[in-house]
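Structure at a glance
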Amino acid sequence: MYKRQLYVDGIQLGSANGSAPSQTAANVEAILGAMDQLPSNNSPTNYFHGWIDEVRIWNSALSIEHIRQMMNQRIEASGTDVIGAVIPTRINGKDANVDGLEDTALTWNNLVGYYRMNVSCGDLAPYKGVSGRLRNITTSQQKTAPLPYTSRANGTWTVDNTWTNFPVWDTPNSNGINGTPIDWNIVRTAHNITSGDKDITVLGLLVDNNELSIEDPSTPLNENNDGQMLWVTKYLKIDGKLDLVGDSQLVQKRYN
């Protein structure tokens, strides 16, 4: 029996048991964004209405740790390892007994198909795997996936306008589809941004330019400020400035 699991923004929303699908011949074509009706019908159905980016096909089950670490970044090979293109460290799985060894290690050989969707139309060259073809696409499509989240203007962390593609993004470290806080976003800032009345938890934070200020807006902005918390669970890089106002604290903790 195989267990199928559905994740949205790294949050598991459902699971079901079932049998593994039968292996198909090597010349069988696959469709992304629709359901094939062969052999009874040559017309696809159930078209996906939206945008598809970063298609990755694995021959090994991913843990929730793998999913969350890869969610906001492209991936690359480093020897046999899978690493992040933004956080240049290994994509680590669960280590239940904390012995320094993953329970289910993920390698680049586990990735059998990888499509970055970085062409406008025509041939779909794979980053890894077999070639594909974009059908009935004649213009460039929106590329709004947060890979990673990036700032677009000076502002407050919790305000949509602070972030790139704000009409389709929620702010980083907001609540997910079922109300679960998303504590594993990867964020790059290049503007003057204040935390607002919010403790922030992210997987990765890169302050590329200008200042990220962690502060309680309801108290004086001096050494008596009540402060907010900034938690970074995996990766922190500061090329700009990080200002911890008053009692604000930066805590780097192990990703769980």
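Everything discussed here concerns the structure shown above.
Before going into details, it helps to say that this report is about the structure given with it. Computed from a predicted model, the values in this text were never measured in an experiment.

So, on to the overall build of the chain. Helices and strands together make up the secondary structure of the chain, namely one helix and 17 strands. For the chain, the spread of C-alpha atoms along the principal axes amounts to about 70 × 50 × 35 Å. Residue burial in the chain is summarised as follows: out of 256 residues, 35% are buried. Excluding contacts between residues fewer than 6 apart, the proportion of contacts in the chain whose partners are at least 24 apart in sequence is 48%. The distance from the centre of the 20 positive side-chain charges to the centre of the 27 negative ones in the chain is 9 Å.

On the surface, Leu6, Leu13 and Ile177 cluster together into a nonpolar patch covering about 290 Å² of accessible area. Its location among the elements puts Leu6 in strand 1 (residues 2–8).

Going through the model one piece at a time under the given rule, you end up with four aromatic pairs. Summarising the aromatic geometry, the rings of Tyr114 and Tyr127 are spaced 5.2 Å apart at their centres and angled 70° between planes, so their arrangement reads as edge-to-face. One end of the pair, Tyr114, is in strand 6 (residues 111–115); the other, Tyr127, is in the loop between strand 7 (122–124) and strand 8 (132–134), with 13 residues separating them in the sequence. For the ring pair Tyr149 and Trp169, a centre distance of 4.9 Å and an interplane angle of 65° mean the geometry is edge-to-face. Here Trp169 lies in the loop between strand 10 (155–156) and strand 11 (186–189) and Tyr149 lies in strand 9 (residues 149–150), a separation of 20 residues in the sequence. Judged by relative accessible area, which is 10%, Tyr149 ranks as buried. Its relative accessible area of 6% is what places Trp169 among the buried residues.

Scanning the entire structure with this criterion turns up eight salt bridges. Lys143 is paired through a salt bridge with Asp53; the nearest N and O atoms lie 3.6 Å apart. Here Lys143, found in the loop between strand 8 and strand 9, pairs with Asp53, found in the loop between strand 2 (11–18) and strand 3 (55–58); they are 90 residues apart in sequence, far enough to count as distant. Across the pair Asp81 and Arg90 runs a salt bridge whose closest N-O atoms are separated by 2.9 Å. Here Asp81 falls in the partly exposed class, since its relative accessible area comes to 25%. Given the relative accessible area of 19%, Arg90 is considered buried. Here the salt bridges share partners, and the residues they tie into one network are Glu54, Arg56 and Arg74.

So, on to the sheet that holds strand 17 (residues 249–252). Within a sheet, neighbouring strands are paired by backbone hydrogen bonds and run either parallel or antiparallel to one another. Spatially, 9-11-13-15-17 is the arrangement adopted by the five strands of the open sheet, whose pairing is parallel. Looking at which strands have only one partner, the edges of the open sheet turn out to be strand 9 and strand 17. Note: strand 15 (residues 229–238) against strand 17, four bridges, orientation parallel. Among the inter-strand pairings, Val232 is bridged to a residue of strand 17, identified as Gln252.

What counts, and where the lines are drawn
- Residues numbered from 1 in each chain as written.
- Predicted model: local features only at pLDDT ≥ 70, side-chain atom pairs only at ≥ 80, totals over all residues.
- Heavy atoms only, no water.
- Helix = DSSP H or I, 4+ residues; strand = E, 2+ residues; numbered from the N terminus.
- Buried < 20%, exposed > 50% of the residue type's maximum accessible area, 1.4 Å probe, protein only.
- Contact = heavy atoms within 4.5 Å.
- Lys, Arg positive; Asp, Glu negative; His and termini not counted.
- Charge placed at Lys NZ, Arg CZ, Asp CG, Glu CD.
- Patch = residues over 30% accessible without salt bridge, like charges linked within 9 Å, V, L, I, M, F, W, Y side chains within 5 Å.
- Areas by Shrake-Rupley, 256 points an atom, 1.4 Å probe, with all protein chains shown as cover.
- Salt bridge = Lys/Arg side-chain N within 4 Å of Asp/Glu carboxyl O.
- Phe/Tyr/Trp six-rings, centres within 6.5 Å; stacked < 30°, edge-to-face > 60°.
- Pairing = 2+ DSSP bridges.

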